[in-house]
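Residues per chain, in single letters:
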Amino acid sequence: MPEVDLASTLRAITSGLRRRWRLIAGTTLLMSLLALAYVLTATPQYTARAALVIDPRISNSPNGVEAPTLLLSDALLVDSEIKVLGSRDVTSRVAQSLGLYDMEPEPESVSLPRMVLNGIGALLGSGSEPPTFADAEAAEATRRETIRQKMMEGFDISRDGGTYVIDIAYTSEDPMFATRAVNSMVDEYFKAASDAALSDTRRIHGWLDQRVQVLGQEVQTADAAVAQYRQANDLFAMRDGNLPSEVELSNANDLLIRLRQELIETQTRQDKIKAIVASQSTGALLDGTLGGEVASPALRDFQTRYSGLVAEETDLVTRWGANSDMVNRNRSDQARLREAMMQEAGQIVERLDTQIITVRRQITATEQHVEELRDRSNSDAQKSIQLNVLEREADAKRGLYQSMLNELNTSAQRETFQRSPARVIGQAVPPDEKSSPKGMRTLILAIFGGLVIGSALAFLREVMDNRLLRISDVREGLGLRYLGMLPGVRSSYSVKPSGLMQPARGDGVQRVLRGLAAELQQRRPERGALVTGVVSCRRGEGRAQTAGWLSAELAGHDARVALISIVPEHARLFAGQPGHMALPALNQIGDVAQLSGRIAQLAQAGRPAVVSMAEGVTADLLSPAQFQALAGVLQGLREKVDHVVLILPAISDLSEAEIASGLVDGAIISLRWGQERAPEIAETLGASRVLRPMLLGGLFTANTARGFSRYN
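What you are looking at is a predicted structure, and each value in this text was computed from that prediction instead of being measured.

K.L.:
I'd like to hear about the sheet that holds strand β8 (residues 580-583), residue by residue, with values.
P.N.:
Overall, parallel pairing links the 8 strands, which are arranged β5-β12-β11-β6-β10-β7-β9-β8 in an open sheet. Only two strands of the sheet have a single partner each, and these edge strands are β5 (482-487) and β8. On average, adjacent strands in this sheet sit at an angle of 20° to one another, irrespective of strand direction. As paired elements, β5 and strand β12 (residues 695-702) share 5 bridges and run parallel to each other. The residue bridging P487 from the neighbouring strand is A702, located in β12. Contacts from helix α17 (residues 592-602) reach β7 (561-565), β8 and β9 (609-613) within the one sheet, and its direction differs from that of β8 by about 160°.

K.L.:
Residues and numbers for the pattern of salt bridges, please.
P.N.:
Under the defined criterion, the tally for this structure stands at 28 salt bridges. The closest approach of N and O atoms between R543 and E569, which form a salt bridge, is 3.4 Å. Note that R543 is positioned in helix α15 (residues 543-555) and E569 in the loop between β7 and α16 (571-575), a separation of 26 residues in sequence. Overall, E569 belongs to the partly exposed group, its relative accessible area being 25%. Overlapping salt bridges, with partners in common, bring together R20, E462, D465, R467, R470, D473 and R677 in one network.

K.L.:
Describe in detail empty space enclosed by the protein, supporting the description with residues and values.
P.N.:
Over the atoms rolls a probe the size of a water molecule, and in doing so it shows where empty space is left. The full count for this structure, using the stated rule, is 1 cavity of 30 Å³ or more. Considered as a void within the structure, the largest cavity measures approximately 40 Å³ in volume. Tallied by class, residues from the lining of the largest cavity come to 6 nonpolar, 1 polar and no charged.

K.L.:
Any chance you could break down the environment of L316 for me, citing the residues and the numbers?
P.N.:
Position of L316 among the secondary structure elements: in helix α10 (residues 297-320). Considered as a pair, L316 and M326 are 10 residues apart in the sequence and their alpha carbons are 7.2 Å apart. Sequence-distant contacts of L316, that is, excluding residues within four places in its chain, are made with G321, M326, V327 and N330.

K.L.:
Describe in detail the environment of S379, supporting the description with residues and values.
P.N.:
Counting through the fold element by element, S379 comes out in helix α11 (residues 325-414). In this structure S379 comes out as partly exposed when scored by relative accessible area, which is 34%.

K.L.:
Summarise helix α18 (residues 624-638); cite the residues concerned and give the values.
P.N.:
When the terminal C-alpha atoms of α18 are compared, their 21 Å separation across 15 residues agrees well with the 21 Å that a helix rising 1.5 Å per residue should span. When we look at burial in α18, the residues that qualify are Q626, F627, A629, L630, V633, L634, G636, L637 and R638.

K.L.:
Help me get a handle on the confidence of the model for the protein, residues and values and all.
P.N.:
Model confidence for the protein is summarised by a mean pLDDT of 82, while 87% of its residues fall at 70 or above. Throughout residues 61-71 the model reports pLDDT below 50, and contacts reaching past four residues in sequence, or to other chains, amount to 24 contacts.

K.L.:
Which residues make up the side chain of Q626, and what are the values?
P.N.:
Topologically, Q626 is positioned in helix α18. The residues touching Q626, leaving out its near neighbours within four places in the chain, are L586, N587, T618, A619 and D620.

K.L.:
Could you give me a rundown of the sheet that holds strand β1 (residues 46-54), with the residues and numbers involved?
P.N.:
Here we have 4 strands laid out as an open sheet, ordered β2-β3-β1-β4, and antiparallel in their pairing. The open sheet terminates on both sides in strands that have one partner only, identified here as β2 (155-159) and β4 (422-426). Here the strands of the sheet are splayed against their neighbours by 25° on average, with no regard to which way each runs. Note that β2 and strand β3 (residues 165-172) share 5 bridges and pair antiparallel. Opposite R159, over in β3, you have I166 as the bridge partner.

Conventions we followed
Residues numbered from 1 in each chain as written. Predicted model: local features only at pLDDT ≥ 70, side-chain atom pairs only at ≥ 80, totals over all residues. Heavy atoms only, no water. Pairing = 2+ DSSP bridges. Helix = DSSP H or I, 4+ residues; strand = E, 2+ residues; numbered from the N terminus. Axes fitted to C-alpha atoms, helices over the stretch in contact; angles between N-to-C directions. Contact = heavy atoms within 4.5 Å. Salt bridge = Lys/Arg side-chain N within 4 Å of Asp/Glu carboxyl O. Buried < 20%, exposed > 50% of the residue type's maximum accessible area, 1.4 Å probe, protein only. 1 Å grid on protein atoms, 1.4 Å probe; cavity = no way out; pocket = protein on both sides within 12 Å on 5 of 7 lines; lining within 4 Å. Points joined across faces, edges and corners; volume = space filled by probe spheres on them. Nonpolar A, V, L, I, M, F, W, Y, C, P; charged D, E, K, R; others polar. Expected span 1.5 Å × (residues − 1). pLDDT = per-residue confidence, 0-100.

As structure tokens, this is what we get:
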């Protein structure tokens, strides 16, 4: 993808707009004049305005005095109120309050086609029947709707940006009528909203009143059914909503658990004491294994005394020796106490056995009681299912009754207190200045629009213009070398004979001609003349004058030059030139060498020889004989002069131009600046096989150089 030079593109656009400044200025002037005419002739219009603010927390819904609109976005709420303001109901009220329906209709102008149709209908006897009552009503409705729609053309109801404010504007020729129209719409909007809300409230209040009475009776019936069922089945609830049988069953289960736990603990203690008695070890009786709740007072006394004897034995052994009488007496007392403790432990085992039997009896009795209570509780549970059903029905009806009662009270309050989601923040007042036409703004917009439209038209003309105007068109569009610009070159039909060989004054013309002469001098072979052709796109585009100026420039540098034209229309133009010679028909040329010598004698330093076909004679290069005759003349001139300038047929006659191109060493194409179309010339040159390689470059010619610098 080729890169785009932004700077060059911008420069090209800027220069193109600068070249088309007349078109831009004319468009801007036209738009300004139209805007000025509109401002001076337009009827002044006045706009009255009012503003409403919408509170999204308030609604006229019958659900409550103030119902938050949580289910609708703020934008939807404001848009909904705009739709209400422009509804047929509100706008019909406005038209009625303004008296528009009572005004006499303006007489309608009957068009000529309608008059013709009515006349034909009268001639054919198809007279219309008298309108019926239904037709009259329909016509009246249509008339009112037409008036309403025409009135709405002046209204503008819109939201002020992203706020909750709604702007209401009306534009009219009468400022007082505009003010009345806006204020009437505000008043009728509030009336319509209030009427609609009050009608809904009264309708709902009547329905709620009937519904509350029915629900009150149903609640009483449901409560009576619950009370009767409780009394019949002795289902009076205690604390936490439990039935008596359920409370008793729970207490009995708790007692059974405690008894079973007590039995396990008692059996565990009994097993421990039995193990101690069987081992006859007093150590277990002294280390607290039995615990204070099992040991009897006697056993605890024995334990205390035995501990004292043991401690005393240690002291006595230390003081009197291990075999003393006092130590032996102490040990005897210890043995008696051990025997007493073992006997007391056996009695404890018997007491625990009695306790275990008692606990087991209690467990058996409790289990029987639990079974009885479980059967009773199951029976009560079956009855309570139906009771729960009756209670749920009663609660549901009671809740519905309470809800309907609240709605009834609320609707009664709304009949006397209506709130609207909108409030007025600005009443319409008579406007003190016209709203349209705005003279300065219209003029500024017209100037801006003219600049934009003119620039767009200028850009389009630049883009669509494929004429040869720029040097780059020759180089890039045609692929030719640019040789220069020659102003003052006219077509062969309008050029004067005196200007054919005399170049126009100007440094630019002299510089181009000197450059061409220098290049041809460099291209000239060491021996013989250089034959250069001059060709143009179409006939009469100045190739004769271009060739004449080039020949005069070459002759002015002490070169012998022969200017030859085989184009028939050049015969009269060349006839009056100094050193002119008329050729006979090419098929009548006798001695070619003699003819070449005569032409060479006319070529002098400072004045070229001018050769053209005799008037009325046409050369046919498609004829081999004529082509050979002309080629012989040119070959003879190559040895006698320095340069030969041959005017070739126009490339519009491509076949003749191609044949003539075989006679020259090189060619220069004369391009009419601002008139030639680049695509056409490029296509023609692309089809050329002989002329295209011979071209040394392209030369711009024009009547005047004015405008050339704007493009180059």
